[in-house]
Structures are given as C-alpha cells and as structure tokens.
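Here are the chains, one letter per residue:
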Amino acid sequence: MDSIWIKGGQRLEGKIPISGAKNAALTLLPCALLTDEKLTLGNLPRLADVDSFGHLLNQLGVSTMIEGVKKGEIGRRMTLQAAEIASTIAPYDMVRKMRASILVLGPMLARAGEATVSLPGGCAIGDRPIDLHLQALEALGADIEHAAGYVKASAPKGRLAGGDFSFPVVSVGATENALMAAVLAKGRSQLFNAAREPEIVDLCNLLVAMGGQIEGIGSGHLIIDGVEGLHGTAYEVMPDRIEAGSYACAAGITGGSIDLIGARPDDMLAITNALAHAGLIVEFHDKGIKVSADGKLKPLALSTAPFPGFPTDMQAQFMAMLSLAEGESFLEETIFENRYMHVPELRRMGANIEVRGRSALVHGVEGLTGAAVMATDLRASMSLVLAGLAADAETEVLRVYHLDRGYERLEEKLSAVGATIERRTSG
Ligand code: EPZ
C-alpha cells in the first residue's frame, strides 16, 4: 500500500503543467463505441481511472493502442477502434471499481441496440444513484429492466427513437449518457436542465467532430438530431480544471506562487473568483493562470453548485486552504450528501472545523501540525496533501491509490515547485 510522505512548511514557487481532464477523458473514451472507425484521443492523463476504462472497453471489443508521450507533450495519445461490439455487458467487478464505467451504457445502447451494466453502488461521498441516467434513456425510447444488480437497456426495433427529457436535478453523468445515446437515435432529442460543465462541452465538441448534430452546446438546453452513423476523428482532451484549482490552493496554503501551465480561464471562473476573494493574486496569461499568495488568506462563504457555480470537486481543497485563513469561513456542500470525509483528518492536523449536515464552519487557525492521515476519496485525499504541504513537521497520507485516480504524477509536479514530498511503498 503506497503512501505519500510530506515535510511541510515550504513556500511553493514555479510552474506546474496541467494534464488532460480526468472527467473529460472518462466520457470521451466511451465515444469509441459509437463508430467502427478509429478514434484517437490526445492529451490523455496518465491516471488509474483512464487505464481501467481502457480495460473495460477492451472487454467490450474495443481495441486500444497507446502511443508514448511525445517530446514537448505531457499527455498520452490513445487510438481506439470498436470494429464490432464483442460484448454489451459491463460487469460488476469493473463498475464497482470505477463508477464512470456506467458511461458505456448510452453509447453501447446507441451502437448495439442493447446494453447491460452493473449498478455502480454508492461510494464514500454518497449513494450515487443512476435513476436519472435511466429516466433519460427511457425518454429517448429505451426499455429498461432491472435484474440481480444489473440494468439492461434495449432499444425496441434496435434503434432509439429519440425524445425530450427534463432533468429534475442537474447530473453530469446522466447528461453524458443521454447525449451519447441521442446522437445515433432516429429522430430529434431535447435535453432540458442539462449539465453545462466544460467536460460536457468537450463531449459535445467530440461528438460533432465525429459527425453528430448538436445545438445549444454549453447551455442547459441541448438539441440533438440523430444521424445514421458517426465517423472516427482525432481529438485533444481539455485541460483539467480541478487539477489546476487544486494546485492553485497549494500556492494559497503555502504562501507561494504557482503558474498553472495549460489551465483554461473560462473553465475556472468560479474557482479563480473564489481564490481572488481569499486574497490571492490571479493572473491570466496566454499559457495559463498564475496564482500567488499576497499576505494572509481571507475567509470565504462558499456554496457548491453545478457549473458555472463553484464546483463540488473543489470543496475539500478550499476547506484545507481556508483552515489557515484569518477568520471564519462558511462552506455548503449542495451536490453530495457525504462529502466531508476529509474533516476528521484535517482536525487531527489541528484544523478547527464544525460540520452540521451539509454545512461546515471553518475557524481559521495559526498553523497545522503534520500527522499520519487516511485518504477516503479522491478530492479529500488532495485536501490532506495540501494541509501537509503547509503543516509543520511531517505528514503521511495513507491509501494514496485514491489520489492516483485523479492526480497524474502528483509528487513529481509538487517537488518541481519546491515541495519535500515522496511516495513510499510499504508491504
Ligand atoms: C461527475 O460525477 C464527476 N465524475 C464527479 O467528479 C463530480 O463531482 C460530479 O460529476 C458533479 O460535478 C465524473 O465526471 C467521472 P452527477 P456524476 O450525476 O456524474 C445525483 C471527482 O472527484 N444523481 O452530476 O456521478 C448525485 O447523487 C468526481 O472527479 C442522482 O440523484 O455526478 C449527486 O447528488 C467525484 N441520480 C448529483 O445528482 C442520478 O441518476 C450530481 O451527480 C445521477 C446523479
């Protein structure tokens, strides 16, 4: 079991290259199922979840070929081809390990007329149901059956008709599944109250590049006119706005200055606004975004919301940073029901945080103390790394496999800006 060991107290300064976005890659990869031609994705992050998704696609009959990282690039290039679908079943052991596997449901249904996917089950941050995915697919004409922990979706007459669906709750994954199903349906589909995250825009842009017809890209009202078939293409995955925001918090919590190379301002305005309100200097330039501390951190009131609001995936990282602000910060987690798993561990490092339901009150303290802490989920793990970077003495973050799911070469990137950090393998 690997762990990350950090000796805190260094002011971080320098450039960090931002990798391709995990949450874009995980919805672009299944698009390979929508055509029998080659799909080449560039700027793919080197992450456990991307590898796992590739293995799942292999099981469905998709060939995948990874090219090495080319000089001057930081992402990998993968060429995928689903010449034919060998299986339409996403098994429990794959879906259990990675919830995003559910994103093969829509494209498999669209391409093969049927799909059987294990129910993903919950995870550390919440129950994570998929009822909205299923309701949306039914609205497009799918028949849905449940049996033994699996969901079987099928298209009467082998092809979805298309239809309209209004999401009662904004859902990134359900919007993605609906888009990938609608793009090959017989008629027109409209999605209302659809998610507007930049990763959804990336998906729409890829589908259009493959020959899909989508209007309203970037808005909550998407209009998709189904086509007979899609062709292959080459596409670059967008930069990871959450990785960029996480390293911006590393600058804030250590009183440093980090240049986030490749970060895209339009993806991150709610994050950069919050950083500026916390007293950091945010400079947009042609190669990315430079974030610098400028004296003590100021407290904030933050409520997570679907894009373009403040992202839930940044809540834990801001909480770590605000634990050293001058005064009290108020955080509200409106998206997931259990996304404060980092709080007990931050408290063990000296943070003063009160949680009541979905709200948290963060009383700023003078300093944090290093400790051995347990990672529970991806973004909680990053908040512990951030706290460790600022804490005096040493911090060891255990169960670091959580981090490897979403942060490529974390210790390498942080060492390059002055952190004393290393990965330790035990047992
Ligand atoms: C995506 O998860 C991201 N994962 C999450 O990032 C992110 O936190 C989340 O969107 C919100 O932005 C990937 O893209 C792989 P949702 P997703 O459907 O699609 C409820 C990370 O750290 N809901 O937008 O699963 C759900 O329970 C991860 O990178 C239903 O009720 O999120 C939640 O309360 C964590 N029924 C809310 O909607 C459904 O059918 C938003 O979930 C689906 C969702």
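Relevant structure appears above.
Residues numbered from 1 in each chain as written. Predicted model: local features only at pLDDT ≥ 70, side-chain atom pairs only at ≥ 80, totals over all residues. Heavy atoms only, no water.

Trainee: Whenever I open this one, the overall build of the chain confuses me. Can you help?
Mentor: Helix and strand counts for the chain stand at 14 helices and 24 strands. Compactness check: the chain gives a C-alpha radius of gyration of 21 Å against a globular reference of 22 Å for 427 residues, within 12% of the reference. If you line up the chain on its principal axes, its C-alpha atoms span 65 × 45 × 45 Å. Here the analysis covers contacts within the chain between residues at least 6 apart in sequence; of these, 73% occur between residues at least 24 apart. (Helix = DSSP H or I, 4+ residues; strand = E, 2+ residues; numbered from the N terminus. Rg over C-alpha atoms; globule rule 2.2 N^0.38 Å. Contact = heavy atoms within 4.5 Å.)

Trainee: Looking at this structure, I do not really get the site of the ligand. What am I missing?
Mentor: If you check the shell around the ligand, you find 21 residues, and the closest are Asp131, Leu132, Ser171, Asp313 and Ile335. The side chain of Asp131 places a nitrogen or oxygen atom 2.6 Å from a nitrogen atom of the ligand. One of the side-chain nitrogen or oxygen atoms of Ser171 is found 2.7 Å away from an oxygen atom of the ligand. Look at the ligand: alone it shows 830 Å² of surface, and the protein chains cover 86% of it. It is helix α5 (residues 131–139) that provides the largest number of residues to the shell around the ligand, a total of three residues. Of the residues that constitute the shell around the ligand, the class distribution is nine nonpolar, five polar and seven charged. (Near = heavy atom within 4 Å. Polar contact = N/O pair within 3.5 Å; in protein donor to acceptor, adjacent residues only side chain to side chain. Areas by Shrake-Rupley, 256 points an atom, 1.4 Å probe, with all protein chains shown as cover. Nonpolar A, V, L, I, M, F, W, Y, C, P; charged D, E, K, R; others polar.)

Trainee: Help me out: how do you make sense of the nonpolar core in this one?
Mentor: Note that soluble globular proteins tend to have their nonpolar side chains buried in a common cluster. Core analysis: the largest hydrophobic core is formed by 77 residues, its most contacted members being Leu34, Val104 and Leu179. Sort the elements by how many residues they give to this core and helix α6 (residues 172–182) lands first, with six residues. Counting residues in each nonpolar core, the second largest holds 68 residues, with Leu280, Met321, Ala351 and Leu386 among its members. (Core = buried A, V, L, I, M, F, W, Y, C linked by side-chain atoms within 4.5 Å. Buried < 20%, exposed > 50% of the residue type's maximum accessible area, 1.4 Å probe, protein only.)

Trainee: Which parts of the structure should I look at to understand the sheet that holds strand β21 (residues 359–363)?
Mentor: Think of a sheet as strands paired side by side through backbone hydrogen bonds, with each pair either parallel or antiparallel. Strand order in the open sheet formed by four strands is β18-β19-β21-β20, and the pairing between neighbours is mixed. The sheet terminates laterally at β18 (301–303) and β20 (352–356), the two strands that pair on one side only. Across the sheet, the mean angle from the axis of one strand to that of its neighbour is 15°, orientation sign disregarded. Helix α10 (residues 315–322) rests against β18, β19 (328–332), β20 and β21 of the sheet, and its axis sits at about 170° to β19. (Pairing = 2+ DSSP bridges. Axes fitted to C-alpha atoms, helices over the stretch in contact; angles between N-to-C directions.)

Trainee: Explain the state of the cysteines to me, please; I cannot follow it from the model alone.
Mentor: A covalent bond between the sulfur atoms of two cysteines is what we call a disulfide. Applying the stated criterion across every chain, the model contains zero disulfides. Cysteine Cys204 shares no disulfide, and the gap to the nearest cysteine sulfur, in Cys31, comes to 9.7 Å. Cys204 sits in the buried class, given a relative accessible area of 1%. (Disulfide = S-S within 2.5 Å.)

Trainee: How should I be thinking about the pattern of salt bridges in this particular structure?
Mentor: Charged atoms that come close allow side chains of opposite charge to pair. According to the stated counting rule, one finds 23 salt bridges in the structure shown. Residues Glu228 and Arg159 are paired through a salt bridge, measuring 3.1 Å at the closest nitrogen-oxygen approach. Taken as a pair, Glu228 in the loop between β13 (222–225) and β14 (233–236) and Arg159 in the loop between β9 (150–154) and β10 (164–166) lie far apart in primary sequence, 69 residues in all. Residue classification places Glu228 among the exposed residues on the basis of a relative accessible area of 72%. Among the residues examined, Arg159 registers a relative accessible area of 25% and is labelled partly exposed. Among the charged side chains, a network of salt bridges with common partners joins Asp2, Asp404, Glu411 and Arg423. (Salt bridge = Lys/Arg side-chain N within 4 Å of Asp/Glu carboxyl O.)

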